[in-house]
Each structure stands twice: as structure tokens, then as C-alpha cells.
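A look at the structure
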Amino acid sequence: MSIDPKRWRWTIPWLFLAPALIFFTWFKFVPIIKGLIMSFYEVKFVGADEWVGLANFQLALSDSALGAAAANTLIYVVSTTIAGGLLAFAVALILEGQALHIRIIRTAIFFPAVTSVAVLAEIWRILFYPASTGVVNSILGFFGGAPQGFMSDPNQALFVVILLQVWKNVPYSMVIFIAGLAGINRELYDAADVDGASPLRKLWHVTVPGLVPAFSVVIMLSLIRGFRVFTEVYTTTGGGPAGATEVIMTNIFKTGFERLDYGYAAAVSFMLFAFTVGLTVVHVLIKNRFSHT
Amino acid sequence: MKTTFPQKLARGAVYTLLVIVFCGPFWGILVTAFSKHTVQPGQLLLWPNEPTLDHFVYAWVEVRAWIYLFNSLLVVIIGTALQTLVSALAAYALARKRFRGAAFVSLAILSTMMLPDEVISIPLYLILHQKIPLLGVSIYNSYAALILPLVGWAFSVFLLTEFMRAVPRDLEDAARVDGASELQIFWRVILPLVKPALGTTTIFGFLMIWDQYLLPLIAVDDRELYTIPVVLRSLRVDEIMQQNIFIAVTVIATVPCIVVYLLLQKQFNRGLMSGAVKG
């Protein structure tokens with residue numbers, strides 16, 4: 001009896017998919033499900049885990065340390081999104097075009113965006129070293145300013161960490177804006193010129209509306225990146241001083257890997273996950289609404 | 001429209017400011033790492049001063065930066081290659097075949113795009129300790145733990161699927177008439193036609209894997225297996241090290257990304273733009 005090739009045809013797509021499915025299942029789907037299950041248990045190291053129902057979630061909602069971390073995360077997200085988006089927009093307007101010197105500058109200012117965050121964090125710690133020898137403090141000193149504590153000052157630390165994220169994201173978002181600018185119909189500018197529109201009016205009535213899709217992408221990327229921020233904070237301040245830069249992910253990391261409270265950490269992770277998914281869904285709904293009208 | 005001299009001057013000033021803000025720090029660490037002059041913590045040199053390779057030699061030999069650089073390179077090269085291959089195979093099935101369950105599989109893979117890797121770090125950590133079914137070994141504390149969790153990447157599956165969909169049917173049919181097998185069609189017909197997309201996913205995969213921090217932190221605890229981003233923080237925290245040497249290690253950690261970016265810049269920008277337009 002020979003094998004009928006027609007009968008086995010249906011296996012072909014599955015054979016091609018098999019490697020991907022194995023990796024996705026073991027390293028993505030299983031952890032998601034395991035995390036979800038864990039969030040209803042108190043994970044014990046000896047003996048069986050104890051079912052605690054929604055207790056982990058209830059605890060999370062009333063945990064003041066987590067609340068403070070959530071507030072910091074929100075400040076972080078809002079300010080990196082607004083500052084990063086506006087700065088990237090401005091830089092894109094300045095560096096739009098095909099002239100050689102502009103392309104060279106664009107390439108050069110992209111370095112922070114391709115360097116790993118851990119390296120950027122070390123550079124940041126050198127720049128914002130909290131003594132008069134520190135680079136930024138030397139510059140401040142040159143203009144007659146007093147040395148600042150930066151990351152060691154609870155009032156300034158979050159701001160300095162936000163600045164790091166903005167520094168990394170501006171060049172990246174700039175490229176997205178430049179792609180958007182290239183897609184704007186030139187005739188609209190000519191028409192505006194004929195109408196005698198000022199540069200500012202052209203910016204507001206032609207450029208900005210033409211960049212709505214670019215803004216949408218930049219804002220969304222920035223929001224998602226912001227809510228899950230971990231490395232930027234962990235490697236610069238570790239959440240300190242005195243919890244001034246603690247964000248949700250560093251809080252989860254400490255609960256999980258330092259206090260070994262896996263169930264609780266999984267519950268908080270799951271809430272963050274649900275929140276991120278919700279955000280994405282809202283974004284898609286808004287986008288569809290806009291593109292239909 | 002003619003630009004006046006003051007306008008030109010203002011533009012020049014803005015360009016200079018941008019370059020100083022975004023590149024200045026990189027220039028600073030480069031110069032400091034190559035200079036004999038010993039800097040205090042937080043200091044950077046602006047101009048090379050008695051050029052020397054001493055700090056690099058020390059970082060390479062005594063701090064054993066080469067081990068961490070080797071680990072990072074090994075992980076990023078094998079990881080990117082595996083990721084690209086696995087994604088391309090899956091994309092071929094999703095783009096070129098109609099089969100029952102295709103929609104479900106796409107949705108399942110797509111859903112992981114919304115999944116921040118950070119939020120599964122705790123269950124993933126426990127799974128890395130578990131024995132893998134059938135094989136009966138745990139990969140915790142091995143190169144496999146640094147690489148395998150990154151192989152499944154929805155972004156590259158979807159980008160490749162989209163590009164493979166655009167390949168005309170006729171080419172595939174012609175090859176089939178000539179007696180080509182599925183694997184030959186995949187390898188000889190489809191892959192060469194989606195080369196630009198493969199370039200894009202390779203670059204983004206490379207940068208994504210090189211930038212990994214949380215995974216290496218939880219996947220290994222043997223210092224010999226640390227990757228270079230992870231070792232930076234522990235060098236700073238554990239050891240009292242001369243600033244120039246630490247900066248030399250930082251330079252070693254920076255160079256590969258910048259080189260890859262400069263070499264493949266055009267492709268990179270194209271990828272970023274196609275991502276943005278589709279986003």
C-alpha cells in the first residue's frame with residue numbers, strides 16, 4: 001500500500017507551523033496560563049499551593065506601595081508620551097528632507113535609539129552624577145548653578161529617569177514622523193501658499209492633520225512602552241531613592257524575585273497585562289472609527 | 001524660497017545642539033575610554049588626552065569583558081537566526097496555505113503581540129526551571145534559556161506573512177509544475193522574493209535580542225553566562241573599579257549595535273517606516 005499524497009496534504013501547513021507553535025506554546029502561552037492560575041494561589045515552596053481566590057487581587061487594590069508605584073508609572077507614561085511626542089515632532093520638522101547633511105545628522109542622532117537600555121542607563125548615571133564633578137552638574141556650575149542631586153534626590157529622580165526614556169524615544173519617533181511627512185500631498189502646501197497662509201497656519205491645517213496616523217502610532221508605542229517600563233528604572237535607580245522612581249514592573253520584580261511572593265506578583269502582572277490589552281483594543285476602536293468617517 | 005544668513009545661522013545652531021545632545025555622551029565615553037587621564041566618577045573627557053588602549057586591555061583581560069561579549073554575540077546570532085527561520089516557516093503556512101484552524105493560529109500568535117514580555121517574567125522563570133516535556137531536562141542556567149524564549153516573535157511572523165501574501169501565485173505554480181517540493185518552493189521561490197522583509201525582521205530581531213535585560217537576569221545565575229547588558233550593572237554595584245575601565249566596558253557593549261545600525265541603516269529606516277505605515 002502506498003501513501004496517498006492527497007490524503008496527507010493537510011499536514012503540510014502544520015509541519016511548517018510546528019516549530020513556531022512549539023516555541024510560542026512553551027514560552028508564551030503556557031506562562032500566560034500558568035501566571036493566570038498562580039494569581040489565584042498563594043504559592044508555597046513546601047507542600048501544595050493554597051487557593052486564595054481573589055485575595056491577591058484584593059490585596060493589590062489596597063496595597064499602598066503598589067498604588068504609589070502605579071502613580072509613578074502614570075506620571076512616567078504621560079510625561080514621556082507628551083514630551084517625547086512633541087519633541088520628536090519638532091525634530092522631524094527640523095530634520096525633514098533629503099540633503100546630505102540632514103541625512104548625516106539624522107543617522108547620528110539615532111544612536112540612543114539603537115543602543116541597549118542598560119548601556120544608556122550607565123551613560124545616564126555618569127552624566128547625572130550627583131557631585132560637582134558630574135557632567136551635567138559641571139555644565140550647571142559653568143552657568144553658576146548649584147550642583148543637583150539628580151537620581152539621588154527623591155524630588156528629581158523620576159524626572160531624570162523620564163528624561164532618559166525621552167532621549168531614547170525621540171529619534172525613533174522622529175523617523176515615524178518623517179515617514180508621515182513624506183506622505184503628505186505637496187499640492188496641499190501649494191494651495192495654502194496660493195491662499196496666502198502663514199507658515200504656522202500651514203503647520204496647523206496641513207501638516208498636523210496629515211500626521212494623524214503617525215501621531216497615533218507614536219502615542220500608542222509610547223503608552224505601551226511606558227506602562228511596562230522596567231529596565232530603564234531598574235538599571236538607573238532600582239526604584240529609589242525611597243521609592244521615588246518605583247514603577248509597577250519594578251514593584252512586581254521585587255515582590256516576585258526578592259520577596260518570593262509569586263502568587264501576588266502574578267496577580268499584579270495579570271492586571272497590568274489586562275490593562276495593556278484594554279489600551280490596545282481602545283486604540284484600535286478609535287482608529288477604526290476615525291478611518292470610517 | 002531663499003534662506004537669509006541669520007536663518008542659516010539659527011539652523012546651524014539647532015543642528016549642533018541636536019548632535020551634541022544625542023551624540024555627545026557617546027563621544028564622551030569613547031574619548032574617556034581611550035585616554036590615559038584618570039577621571040573621577042561622573043566625569044567624561046571632551047578631547048582625547050594621551051591616547052591609550054590600557055583600559056580596554058584591562059577590561060578585556062582582567063574584567064573578562066570578552067566572556068560577556070562572547071555570550072551576547074552568541075545569543076544574538078543564534079537567536080536571530082532561529083527566530084528568522086522559525087518565523088519564515090510559520091509565515092509560509094499562514095500566507096500561502098488555506099487550512100482549517102489558520103484563523104485561530106494567527107489570532108493566537110497575534111495576541112502575543114499585545115503581551116509585554118515583562119508581565120510573564122515570573123511564570124517564565126518557573127517554566128525555565130521545569131523539565132521540558134519529552135526531553136526531560138531543564139534549560140535554566142544555560143545558553144538555551146537565554147535564546148529559546150525569544151525564538152517565537154509575533155512581529156516577525158506577521159511582517160513576513162504580509163510580504164509572502166504579496167508573492168504572485170503563478171511563480172509558485174510554475175515551480176510546482178516543475179516538480180518542486182514544498183520545502184523547495186519555500187526555500188527557492190518564496191524566501192528570495194521576500195529578502196527585504198527578511199532583512200527588516202533580522203535587524204529588528206537583532207536589536208530586540210541584544211537589548212534583552214530581564215530575560216538574561218532571570219534565565220541564568222551563573223556569572224559566566226551573563227550577557228553584556230546584565231554584567232554592566234553588576235560591575236558597577238559589586239566592584240570598585242576605576243571609572244575609565246568601567247567606561248571601556250560600556251564602549252564594548254555599545255559598539256556592536258552601532259556597527260549593525262550603520263551597516264544596515266537604509267534597511268532599518270525602511271523597516272521602521274513600513275512598520276509605522278501599517279501600525
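Along every chain, residues carry numbers that run from 1 in the direction the sequence is written. Starting at A for chains and at 1 for ligands, labels are handed out in the order in which the entities are written. Predicted model: local features are reported for residues with pLDDT of at least 70 only, side-chain atom pairs are reported and counted for 80 or more only, and whole-chain, interface and lining totals are derived from all residues. By convention in this description, side-chain values take in all heavy atoms of the structure and omit both hydrogens and water.

1. What to know about the overall build of chain A
Counting from the N terminus, the helices are DSSP H or I runs at least four residues long and the strands are E runs at least two residues long. In terms of regular secondary structure, chain A is built from 15 helices and two strands. For the radius of gyration, the atom set is restricted to C-alpha positions; the globular benchmark scales as 2.2 Å times the number of residues to the power 0.38. Taken against the 2.2 N^0.38 rule, which gives 19 Å for 293 residues, the C-alpha radius of gyration of chain A at 25 Å runs more than 25% over that of a compact globule. Summarising its shape, the C-alpha atoms of chain A cover approximately 75 × 70 × 35 Å along the three principal directions. Taking all 293 residues of chain A together, 50% fall into the buried category. Contacts are assigned to residue pairs with any non-hydrogen atoms lying within 4.5 Å of each other. Within chain A, contacts between residues separated by at least 24 positions form 63% of all contacts whose residues are at least 6 apart in sequence. Using a 1.4 Å probe, accessible areas were evaluated by the Shrake-Rupley method; residue-level cover was limited to the displayed protein chains. Carbon and sulfur atoms make up 69% of the accessible area of chain A, which totals about 14300 Å². A simple rule labels every residue: compare its accessible area, found with a 1.4 Å probe on the protein chains alone, to the largest value its type can have, and call it buried under 20%, exposed over 50%, or partly exposed in between.

2. Regarding the pattern of salt bridges
Opposite charge on two side chains allows them to pair when their charged atoms are near. When a carboxyl oxygen of Asp or Glu is within 4 Å of a side-chain nitrogen of Lys or Arg, the pair counts as a salt bridge. Enumeration over the complete set of coordinates arrives at 15 salt bridges over all chains. Across the pair lysine 36 of chain B and aspartate 54 of chain B runs a salt bridge whose closest N-O atoms are separated by 3.4 Å. In this pair, lysine 36 of chain B sits in the loop between helix H1 (5-33) and helix H2 (54-61) while aspartate 54 of chain B sits in helix H2, placing the two residues 18 residues apart along the sequence. Residue classification places aspartate 54 of chain B among the partly exposed positions, given a relative accessible area of 43%. Connected via shared salt-bridge partners are Arg9 of chain A together with Arg96, Lys97, Arg169, Glu172, Arg176 and Glu182 of chain B.

3. Some thoughts on the UniProt feature "transmembrane region" (unreviewed entry) in chain B
Residues and elements named next belong to chain B. UniProt positions are given in the numbering used here, feature names are shortened, and annotations may be inferred rather than shown by experiment. UniProt tags residues 12-34, 65-95, 102-128, 140-164, 185-210 and 245-264 as "transmembrane region" (unreviewed entry). End-to-end, the C-alpha atoms of residues 102-128 are 29 Å apart, and along that stretch the chain is 67% helix and 0% strand. Between the end C-alpha atoms of residues 185-210 the distance is 32 Å, and the span holds 96% helix and 0% strand.

4. Here's the deal with the nonpolar core
Counting 180 residues, the largest nonpolar core has Leu95, Phe110 and Phe177 of chain A together with Leu128, Met164 and Phe268 of chain B as its most contacted members. Setting aside anything within four residues of it in sequence, one finds leucine 128 of chain B in contact with Phe27 of chain A together with Ser138, Ile139, Tyr140, Ala145, Pro149, Leu215 and Ala219 of chain B. The nonpolar core is taken to be a set of buried Ala, Val, Leu, Ile, Met, Phe, Trp, Tyr and Cys residues, with the residues joined through side-chain atoms within 4.5 Å.

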